[in-house]
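What the coordinates show
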Amino acid sequence: MKSDSHEGKLRAKDYEVRDIPCKEARDFIIAHHYSKGCSNTRVYSHGLYRIGETDLLGVAVWLPPTKVAAQSVNREAWQKVLSLTRLAVRPDVPSNAASFLMARSIKLIRQDGRFVSLVTYADDFMGYTGAIYRATNWTYVGQMKGSPRWEDDSGRQVARKSTVSRNDAQMRSLGYRNVGTFGKRKFTMHLRAPCAGGSQHLGAEK
């Protein structure tokens, strides 16, 4: 079967998005996402495939955000808020593959019916402005306060908080380096309209 080039457009009739195991999604993220890693758990992990083929072309991973982050999106139904934590596609797929994957992933979440609001972030570290989210019906909320980015020797992002929150000296003692402070642009989407009082509160999130 002839492959689409990355210069062309993905034809929806030739592709599908379906649930995939967490480990398969994580391996793909390690290989193709700038963070070089993700959580060992997930609520959903969806994969992009050509219909009738088995090569994984893209991955979307969803997790619950922190309580504070969830309440900033939908205060009344914060336990039904979900975060798109990783989105990655292979560099050889058509130019609109990421937006197709995200849209179909959201459709599967909507069909499942367990979640009512979504949140995601565009990382200033990579120079992302969130154009893909603006073009796919997410609402831009605003710029979040910057936070330090720590990496290991391989360039993989490392969280300051493990079982406990580690200070700068502890992070350095573990061999991690601080590569700067970076903010994120926040985007939300409501699968159902928030209840009264459930509006977004940008300043509530840290």
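Here, every reference points to the structure presented above.
Here is what the cut-offs are and how they apply
- Residues numbered from 1 in each chain as written.
- Predicted model: local features only at pLDDT ≥ 70, side-chain atom pairs only at ≥ 80, totals over all residues.
- Heavy atoms only, no water.
- Core = buried A, V, L, I, M, F, W, Y, C linked by side-chain atoms within 4.5 Å.
- Buried < 20%, exposed > 50% of the residue type's maximum accessible area, 1.4 Å probe, protein only.
- Helix = DSSP H or I, 4+ residues; strand = E, 2+ residues; numbered from the N terminus.
- Expected span 1.5 Å × (residues − 1).
- Salt bridge = Lys/Arg side-chain N within 4 Å of Asp/Glu carboxyl O.
- Pairing = 2+ DSSP bridges.

**Remarks on the nonpolar core**
Counting residues in each nonpolar core, the largest one holds 28 residues, and the members touching the most others are Leu48, Trp62, Leu82, Ile106, Ile109, Leu118 and Trp138. Of all elements in the fold, only β1 (15-19), β2 (44-50), β3 (58-63), β4 (81-89), α3 (97-112), β5 (117-123) and β10 (184-190) reach the threshold of two or more residues within this core. Sort the elements by how many residues they give to this core and α3 lands first, with seven residues. One finds Ile29, Leu56, Val61 and Ala88 within the second-largest nonpolar core, a separate group that totals 10 residues.

**Let's talk about α3**
With 16 residues, α3 ought to run about 22 Å at 1.5 Å a step, and its terminal C-alpha atoms sit 23 Å apart, in line with that. The set of residues buried in α3 consists of Ala97, Ala98, Phe100, Leu101, Met102, Ser105, Ile106 and Ile109. Just downstream of α3 lies Gly113, where phi reads positive at about 80 degrees.

**What to know about unusual backbone geometry**
The backbone phi angle of Asn137 is positive, close to 75 degrees, even though this residue is not glycine. Note on placement: Asn137 falls in the loop between α4 (131-134) and β6 (139-143). Exposure remark for Asn137: the relative accessible area of 67% places this residue in the exposed category.

**Looking at the pattern of salt bridges**
Counted according to the given criterion, the structure contains seven salt bridges. Measuring nitrogen to oxygen at the nearest pair gives 2.8 Å for the salt bridge that ties Asp27 to Lys23. Within this pair, Asp27 and its partner Lys23 are both found in helix α1 (residues 22-32), separated by four residues, close to a single helical turn. Its relative accessible area of 37% is what places Asp27 among the partly exposed residues. By relative accessible area, Lys23 is classed as exposed at 60%. Across the pair Arg90 and Asp92 runs a salt bridge, and its minimum N-O distance is 2.9 Å. Look at Arg90 and you get partly exposed, because its relative accessible area is 23%. Judged by its relative accessible area of 39%, Asp92 falls in the partly exposed class. One salt-bridge network, in which partners are shared between bridges, spans Arg11, Lys13 and Asp14.

**What to know about the pairing of β2**
In terms of residue burial, β2 counts as a mostly covered element, since seven of its seven residues are buried. Of the two faces of β2, the one carrying Tyr44, His46, Leu48 and Arg50 and the one carrying Ser45, Gly47 and Tyr49 are both buried. Strand direction decides the pairing type here: β1 and β2, joined by five bridges, are antiparallel. Among the inter-strand pairings, Tyr15 is bridged to a residue of β2, identified as Arg50. With five bridges joining them, β2 and β3 adopt antiparallel strand pairing. When the sheet's bridge partners are listed, Leu48 is paired in β3 with Gly58.

Purely spatial values, then, with no claim about function.
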